[in-house]
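Spelled out from the first residue to the last, the chains are:
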Amino acid sequence: MQRRHITLILLLPLLTSLPVQAAFPGGNVAYGERIFMQGINQVPACHNCHRKDAMGDDAIGTPRLAGQNPAYIYKQLRDFAANRRIDNTMYVMNSNARGMSESDWRDVAAYVASLEYMKVGLSDMQRAEEYGYAIGSRSAGRQLVLHGDPARDIPPCYTCHGYNGRGLPDTYPMTGGQRYVYLVNQLKKWRSKERHNDPDDKMVNVARNLTDADINNVATFLSSAPRGECKKSCKNFLCCVW
Ligand code: HEC
Ligand code: HEC
């Protein structure tokens, strides 16, 4: 009896952090695909910049959207539309998001979330270096992702983003398997507070203690971080949540 009690107490933080899948009603995947491939109203087709497979492009600093959790994608489009997040990489996402309706955001989010999830290591690191992005140490990055650095007040990334950054819906995006250039850019934007659309300044507080080397290290690890214990048959983020 006593032992069962203790087990329950130990499990509590994990249980309370379980994702609430039902909070985000799904959109129309087929309609989302049409928006992604053809654009809508004055908004150009998303694949022009995010690529046909929605895996992003280091050459122009666009993120992978494929396999990302849909509630997070929806929130970003809403934040871009309201200028709570500013795209100063290509200066297009604010007007793109404003050119779409709320149900368009939901549909396109449902479409990209339904795409390839398991693939990681999309970035060609040699090319990224040619674009002017220094490459970090994978092992030092792994250390920060899994353990943080308490002496410098850096929490382990995995406590919020899940194991190896595989995401924890609805709030915490997948960062593992994301594009290298995009990861580096965003971490610098959080650090300078150019980006500050995170709930309770969660990321602003994490990033303010990161050095350039830390940023290169975590991005080097995350961009190719394996999904770990996810099932081989896993096609989307739902098989990998804890
Ligand atoms: C002309 C290029 C371009 C087009 C077209 C484009 N995007 Fe983007 N998108 C970007 C760039 C650049 C960023 C990164 C912004 C930044 O650095 O903050 C981005 C970021 C995003 C993000 C944020 C992702 C994240 O992980 O936070 C979402 C969501 C997104 N785009 C969705 C779309 C959708 C949906 C469409 C089509 C309706 C679209 N984009 C069309 C260039 C584009
Ligand atoms: C206390 C919780 C928390 C911790 C710890 C945390 N993050 Fe985050 N992170 C968030 C939240 C919440 C968001 C989404 C913000 C939003 O809604 O726009 C986010 C977003 C991000 C993004 C942007 C993703 C995208 O697609 O644009 C990156 C990159 C990121 N985090 C990296 C990290 C790294 C690297 C660490 C560890 C050094 C870390 N995070 C630790 C809460 C956290």
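Criteria and thresholds
- Residues numbered from 1 in each chain as written.
- Chains lettered and ligands numbered in written order.
- Predicted model: local features only at pLDDT ≥ 70, side-chain atom pairs only at ≥ 80, totals over all residues.
- Near = placed C-beta within 6 Å.
- Helix = DSSP H or I, 4+ residues; strand = E, 2+ residues; numbered from the N terminus.
- Nonpolar A, V, L, I, M, F, W, Y, C, P; charged D, E, K, R; others polar.
- Axes fitted to C-alpha atoms, helices over the stretch in contact; angles between N-to-C directions.
- Parallel < 35°, antiparallel > 145°, perpendicular 65-115°, else oblique.
- Contact = placed C-beta atoms within 7 Å.
- pLDDT = per-residue confidence, 0-100.
- Expected span 1.5 Å × (residues − 1).
- Buried ≥ 20, exposed ≤ 12 C-beta atoms within 10 Å, placed from the backbone.
- Arc of directions from axis to C-beta.

Engineer: What should I look at first to understand the site of ligand 1 in this one?
Structural biologist: What surrounds ligand 1 is a group of 23 residues, the closest being Cys46, Cys49, Asp87, Thr89 and Met90. Listed by contribution, the elements that provide at least two residues to the shell around ligand 1 are helix H3 (47–50), helix H4 (70–81) and helix H5 (93–98). When the residues that make up the shell around ligand 1 are grouped by side-chain class, the tally is 14 nonpolar, eight polar and one charged.

Engineer: Honestly, the site of ligand 2 in this entry has me stumped. Any pointers?
Structural biologist: Near ligand 2 lie 23 residues; those nearest to it are Pro155, Cys157, Cys160, Asp198 and Lys202. Those elements that place two or more of their residues in the shell around ligand 2 are helix H9 (158–161), helix H10 (180–191) and helix H11 (202–207).

Engineer: What am I meant to see in the packing of helix H8 (residues 138–147) against helix H12 (residues 212–223) here?
Structural biologist: Angle between the axes and distance between the axes: these two values describe a pair of packed helices. Interhelical geometry of H8 versus H12 gives an angle of 90° and a closest axis separation of 7 Å. In terms of orientation, H8 lies roughly perpendicular with respect to H12. Seen from H8, the contacting residues are Arg138, Ala140, Gly141, Arg142, Leu144 and Val145; seen from H12, they are Asp214, Asn217, Val218, Thr220, Phe221 and Leu222. Here the residues of the contact of H8 with H12 sort into six nonpolar, three polar and three charged.

Engineer: Looking at this model, I keep getting lost on the confidence of the model for the protein. Mind explaining?
Structural biologist: As a general rule, the predicted coordinates of low-pLDDT regions are not to be interpreted in detail. Taken as a whole, the protein shows an average pLDDT of 89; of its residues, 86% reach a score of 70 or greater. Confidence drops under a pLDDT of 50 for residues 1–22, and excluding neighbours within four residues, the segment shows six contacts in the predicted structure.

Engineer: Any chance you could explain helix H6 (residues 102–113) here in plain terms?
Structural biologist: Note on helix geometry: an α-helix contains 3.6 residues per turn, so any two residues three or four positions apart are oriented the same way. With 12 residues, H6 extends 17 Å from end C-alpha to end C-alpha; this agrees with the ideal 16 Å at 1.5 Å per step. Burial analysis of H6 places 10 of its 12 residues in the buried class, the great majority of the element. By the burial criterion, the buried members of H6 are Asp104, Trp105, Arg106, Asp107, Val108, Ala109, Ala110, Tyr111, Val112 and Ala113. For H6, the secondary structure elements touched by its buried residues are helix H2 (29–38) and H4.

Engineer: Honestly, unusual backbone geometry in this entry has me stumped. Any pointers?
Structural biologist: For residues other than glycine, phi is negative in most cases, and the peptide bonds are mostly trans. With an omega of 5°, the peptide bond running from Pro169 to Asp170 counts as cis. Summarising the element assignment, Asp170 is placed in the loop between H9 and H10. With a phi angle near 55°, Asp200 is a residue other than glycine that sits in the positive phi range. Position of Asp200 among the secondary structure elements: in the loop between H10 and H11. In the Ramachandran plot, Asp201 falls in the positive-phi region, its phi being about 55° despite a non-glycine side chain. Its location among the elements puts Asp201 in the loop between H10 and H11.

Engineer: Help me understand H8 in this model?
Structural biologist: The set of residues buried in H8 consists of Gly141, Leu144 and Val145. Angularly, the buried residues of H8 cover 95° about the axis, an arc narrow enough to put them on a single face. In the core, the buried residues of H8 are packed alongside H9 and H12. In the segment just after H8, Gly148 is the residue with positive phi, at about 65°.

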